[in-house]
Every structure is written in C-alpha cells, then in structure tokens.
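Fold and geometry: a report
Residue strings, one per chain:
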Amino acid sequence: MWDEFVKREIIKFGDFQLSSGGRSPYYVDLRQVLAYPDLLRWVIGKYSNLLKDIEFDVIVGVATGGIPYASILGFNMFRPIAYVRESKKWYGSRREIEGAVWQGARVVVVDDVITTGESIVDAVGKLKEAGANVVAAAVFLDRQQCGAQRVERETGTQVRSAYRMGEVLEDIRDLIGPTRYREVREYLEKFKC
C-alpha cells in the first residue's frame, strides 16, 4: 500500500518546512488520505489494531490532523468522540475541548503524524486539566524525531504508532531510488532519542 502513498503524493520528497519549524527532505500529508477511500479504509484498520486491547471511554482527536481519524474510529467502535483545539475559541462557549469528555473519562488521544510530540503533549495537558484520564495516544506514523519519547517523558502517556518512518522508508526504497533513500536515511539518523 505504501507505493500508493508515493504515487498519490501523500508522501512527498523535496525540501519542506515542518510545523515545528524544522526542515525535512520528506513530508507525509495524511490529510490527503481522506480523498482516497481505499487508503482511508487501510489507515483506519491500522488505527483500529492499535486500539483493540486498550480499555477506554472516549476517542479524542488532536486538531487538526487527528480529528477525522478520531471521528471515524469513534463511529466504527461506537465510542463518544471529542477533539482538542489548538487554542481556546474566543467566542461562544470558549472551550478548548469539544465533545464528550468528563471527569474520570478514560481517553485515547489520536493524531495523524508525530514529529516533536508538542501537539500531543498540549492535548494531554488540556485533557488532564479537564479531569480526563489519558490512557494512551495513537498515531499512524512516527517520524522518529523523538516525539513519542517526549510525550511519554513529559506526560507519562504511552504512544502507539502503526508505523515508523524507518520501516516505511525500507518499503518504498525501490520506488524512490538510492539518492533519495540515502538522503532520508541520513536525516532520520540525526535524531538520537
């Protein structure tokens, strides 16, 4: 299936600025998966496998990449859904968390890709302030830039990932050629977690 991610340019190569401010020789745009029902079903299946042995009450998406995946998972698993905003809205109810979160609720946080872990750390903090018990975080792809380790260190929340970028890189090696492969491999090796 990874060949389709490359062909459909969900995984792109070049010079990209990440939301963390860093630069990367590749970019994974999982929002584009929403345009392809075949890929979306596959991705949702991988998330479902990550969650199957966790006891939880609510699935919480991290804005914005995790929201569609959390929504579909909640629907499929017949669980309430919520999401954490990047910042408190200035109008109406002025909430940071929308949806079903209550005191003592066991929640799983869902995001699409983890890089530095900042958005998950922020979401977990807001959920704990609201009285929720965050039992795990689930991401489709770990870019292996120490984000999972940061989340676990700073929040005590275990991060589960369906894939790590090093594994993906091996699967697409023949598609991207030796020069690109080497460039991404060297980039990944810079991160010592």
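Residues numbered from 1 in each chain as written. Predicted model: local features only at pLDDT ≥ 70, side-chain atom pairs only at ≥ 80, totals over all residues. Heavy atoms only, no water.

**Re the overall build of the protein chain**
Defined as follows: Runs of H or I in DSSP of at least four residues are treated as helices and runs of E of at least two as strands, each being numbered from the N terminus. To sort residues, take the accessible area from a 1.4 Å probe on protein chains only and compare it with the maximum for the residue type: under 20% means buried, over 50% means exposed, and anything in between is partly exposed. By definition, residues are in contact when any of their heavy atoms lie within 4.5 Å. Calculation of accessible area relied on Shrake-Rupley with a 1.4 Å probe; when residues are assessed, cover is drawn exclusively from the protein chains displayed.
Check the secondary structure of the protein chain and you find six helices and eight strands. Ordered by position from N to C terminus, the α and β elements of the protein chain give α-β-β-α-β-α-β-β-β-α-β-α-β-α. Counting every position in the protein chain, which comprises 193 residues, the buried fraction comes to 48%. Contacts in the protein chain between residues far apart in sequence, at least 24 positions, make up 60% of those at least 6 positions apart. About 9800 Å² of surface is accessible on the protein chain, with carbon and sulfur atoms providing 47% of the total.

**Thoughts on unusual backbone geometry**
With the exception of glycine, most residues fall at negative phi, and the peptide bonds are largely trans. Here A63 and T64 are connected by a cis peptide whose omega angle stands at -10°. Looking at where T64 falls in the secondary structure, it is placed in the loop between β3 (58–62) and α3 (67–77). Notably, F78 is not glycine yet its phi reads approximately 55°, a positive angle. Here F78 is to be found in the loop between α3 and β4 (81–84). Relative accessible area serves as the criterion here: at 77%, F78 is assigned to the exposed category. Located in the positive-phi region is Q144, a residue other than glycine, with phi close to 60°. Take Q144: it is sitting in the loop between β7 (133–142) and α5 (147–155).

**Some details on the environment of I97**
Within the secondary structure layout, I97 lies in strand β5 (residues 97–99). It is 20 Å that separates the C-alpha atoms of I97 and V113, two residues lying 16 residues apart in sequence. The residues contacting I97, other than those within four sequence positions of it, are Y83, V84, K126, L127 and A130.

**Quick notes on the pattern of salt bridges**
Convention followed: Here, a salt bridge means any side-chain nitrogen of Lys or Arg that lies within 4 Å of a carboxyl oxygen of Asp or Glu.
A complete count under the given rule lists 16 salt bridges for this structure. Across the salt bridge formed by D112 and R31, the nearest N and O atoms sit 3.9 Å from each other. Note that D112 is positioned in strand β6 (residues 106–114) and R31 in the loop between β2 (23–28) and α2 (37–51), a separation of 81 residues in sequence. The exposure class of D112 is buried, given its relative accessible area of 7%. Taking the shortest distance from any N to any O, the salt bridge between D53 and R160 comes out at 2.6 Å.

**Examining the environment of V113**
Residue position: V113 is located in strand β6. Along the chain, V113 and A63 lie 50 residues apart, while their C-alpha atoms are 12 Å from each other. Excluding residues that lie within four positions of it along the chain, V113 makes contacts with V28, L30, L141 and R143.

**Considerations on the sheet that holds β5**
Test applied: By definition, two strands form a pair when at least two bridges between them are found by DSSP. In this analysis, axes come from line fits to C-alpha atoms, helices being fitted only over the stretch in contact, and the angle between any two N-to-C directions falls in the range 0 to 180 degrees.
With mixed pairing, six strands are arranged side by side in an open sheet as β5-β4-β3-β6-β7-β8. Strand pairing shows two members of the sheet lacking a second neighbour, β5 and β8 (159–164), which therefore form its edges. Averaged over all pairs of adjacent strands, the angle between strand axes in this sheet comes to 20°, irrespective of strand direction. With three bridges connecting them, β4 and β5 associate as antiparallel partners. Across the sheet, the residue bridging to V84 is I97, located in β5. Strands β3, β6, β7 and β8 of the sheet are contacted by α2, whose axis makes an angle of about 145° with β7. Relative to the sheet, α3 contacts β3, β4 and β6, its axis offset from that of β3 by approximately 165°.

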